[in-house]
Amino acid sequence: MTATVAFDINTVRSSADLLRTERIRIAPDEPGLVPSGRGWGEAKREMAELCAVPPATIAEVLEMLTRAQRIMDLLPPPAANRIASFNSLYFTITDRVGAALTGPDVVDPAFLELLDVEFAKRYFDALRLWGEEDHGTPDAWEVLFRRAQDERISRLAAAILGVNAHINHDLALALVATWERLGTPPGDVVHPDYLLINKIFYQEIPRLRRRYSTSWQLRVDALAGDLDDWSQSVLVAATRAHAWDQGKRLWDLRDEAEHLAHARLVMDRASAYVGELLITSDGVFNQVGVVLKAGRDTVRGAWRRVFHRRRAGI
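Reference entry: report on the structure contained in this document. (Residues numbered from 1 in each chain as written. Predicted model: local features only at pLDDT ≥ 70, side-chain atom pairs only at ≥ 80, totals over all residues. Heavy atoms only, no water.)

## A word on the overall build of the chain
When helices and strands are counted, the chain shows twelve helices and two strands. Taken across its 314 residues, the chain has 54% of its residues classed as buried. Restricting the contact set of the chain to residue pairs at least 6 apart, pairs at least 24 apart contribute 82%. Taken as a whole, the chain presents about 14400 Å² of accessible surface, with 55% of it coming from carbon and sulfur. (Helix = DSSP H or I, 4+ residues; strand = E, 2+ residues; numbered from the N terminus. Buried < 20%, exposed > 50% of the residue type's maximum accessible area, 1.4 Å probe, protein only. Contact = heavy atoms within 4.5 Å. Areas by Shrake-Rupley, 256 points an atom, 1.4 Å probe, with all protein chains shown as cover.)

Shown next as structure tokens:
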């Protein structure tokens, strides 16, 4: 007997609707949360110019992230804009990836750089759409962008909101775009380079988390020792592994425009729902673990409803 994976578009639609309903239930619209000008204020033109031309190399990604940081650091709240928290984290990881490109551990530098560029394009495109007040802004990113000036959200939670949107939503799309440009389907040859990012996360997570922690969080962190760093690194690896699987599923749907659009919608809404869950649990110390485990489980559950297995033939 052979097993195939079928796409059930009716299940996809119901999953997307359910995720939107649940998100609204736990996070209803809050008047005044989004300031006029989408929070960019006098920097709106600068942000639009920054995002107008997508990056083509990892060096350009780093330059754009640096420019974005300069803009965001001048936005309210002073030196604590919530999008700026994620942007800073993202620069740190990307800088490490750029340094690794010429190292002995990279099998295919062209693949890794292209993936990094396609990954960054999704972030800058989301910033552009948000600034244009475009309804096409991914829900996953809207969760963070709406709270750019919301000081009720900790800087640590804000940074992880960005991680959630970027990994649970953008990464699979970046993988498909990379495979399309290289003219090759996903394969094991480049997978070790993909996994190299897990190692970078493992090395950077302790410093990154403590960069955004409050004094109370730092005290708890000291009591936890290395255990929370290890567990969060494992969850990053699991979440990125799931993104690779999502990318392969999207790759299989690339020639079916309607099915692909609905699958992407489910992925976006599942990621947004996870982001709202993070905000409701912002008082919990171990935010990274909360969002990554919730992201893995929720997005995986959504995908299970999207695809179902059937057996046919003997």
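## So, the packing of helix H7 (residues 155-182) against helix H11 (residues 257-280)
Closest axis-to-axis distance for the H7/H11 pair is 10 Å, and the angle between their directions is 165°. Looking at the two axes, H7 sits roughly antiparallel to H11. H7 and H11 meet at a crossing whose hand is right-handed. Counting all contacts with H7, which are made through Ala157, Ile160, Leu161, Asn164, Asn168, His169, Ala172 and Leu173, the residues of H11 involved are Arg264, Met267, Asp268, Ser271, Val274, Gly275, Leu278 and Ile279. A class-by-class count of the residues in the contact of H7 with H11 yields nine nonpolar, five polar and two charged. (Axes fitted to C-alpha atoms, helices over the stretch in contact; angles between N-to-C directions. Parallel < 35°, antiparallel > 145°, perpendicular 65-115°, else oblique. Left-handed = near helix turned anticlockwise from the far one by under 90°. Nonpolar A, V, L, I, M, F, W, Y, C, P; charged D, E, K, R; others polar.)

## Here's the deal with the packing of helix H2 (residues 44-52) against helix H3 (residues 58-72)
As a packed pair, H2 and H3 sit with axes 11 Å apart at the nearest point and diverge in direction by 170°. Here H2 lies roughly antiparallel to H3, going by the angle between them. Across from Glu46, Met47, Glu49 and Leu50 in H2, the residues of H3 making contact are Met64, Arg67, Ala68, Ile71 and Met72. Taken together, the residues of the contact of H2 with H3 break down into six nonpolar, no polar and three charged.

## Quick notes on helix H5 (residues 109-131)
In an α-helix there are 3.6 residues to a turn, and that puts residues three or four apart on one side. Over its 23 residues, H5 runs 33 Å from end to end, which matches the ideal 33 Å to within 8%, given 1.5 Å per residue. Glutamate 133, located one to two residues past H5, shows a positive phi value of around 55°. (Expected span 1.5 Å × (residues − 1).)

## Overview of the pattern of salt bridges
Scanning all chains against the criterion turns up eleven salt bridges. A salt bridge links glutamate 22 to arginine 25; the nearest nitrogen and oxygen atoms lie 2.9 Å apart. Residue glutamate 22 and its partner arginine 25 are located together in helix H1 (residues 9-26), separated by three residues, close to a single helical turn. Residue classification places arginine 25 among the exposed residues on the basis of a relative accessible area of 53%. The salt bridge involving glutamate 118 is made with lysine 121; its shortest N-O contact spans 3.3 Å. With glutamate 118 and lysine 121 both in helix H5 and three residues apart, this pair spans about one turn of that helix. Residue class for glutamate 118 comes out buried when judged on its relative accessible area of 4%. (Salt bridge = Lys/Arg side-chain N within 4 Å of Asp/Glu carboxyl O.)

## Here's the deal with the nonpolar core
In terms of nonpolar packing, the biggest core is built from 77 residues, with Met72, Ile83, Tyr123 and Leu127 touching the most fellow members. Other than its neighbours up to four places away in sequence, leucine 127 contacts Trp40, Met47, Cys51, Met72, Ile83 and Phe145. Within the second largest apolar cluster, five residues are counted, among which are Ala16, Leu19, Val266 and Tyr273. (Core = buried A, V, L, I, M, F, W, Y, C linked by side-chain atoms within 4.5 Å.)

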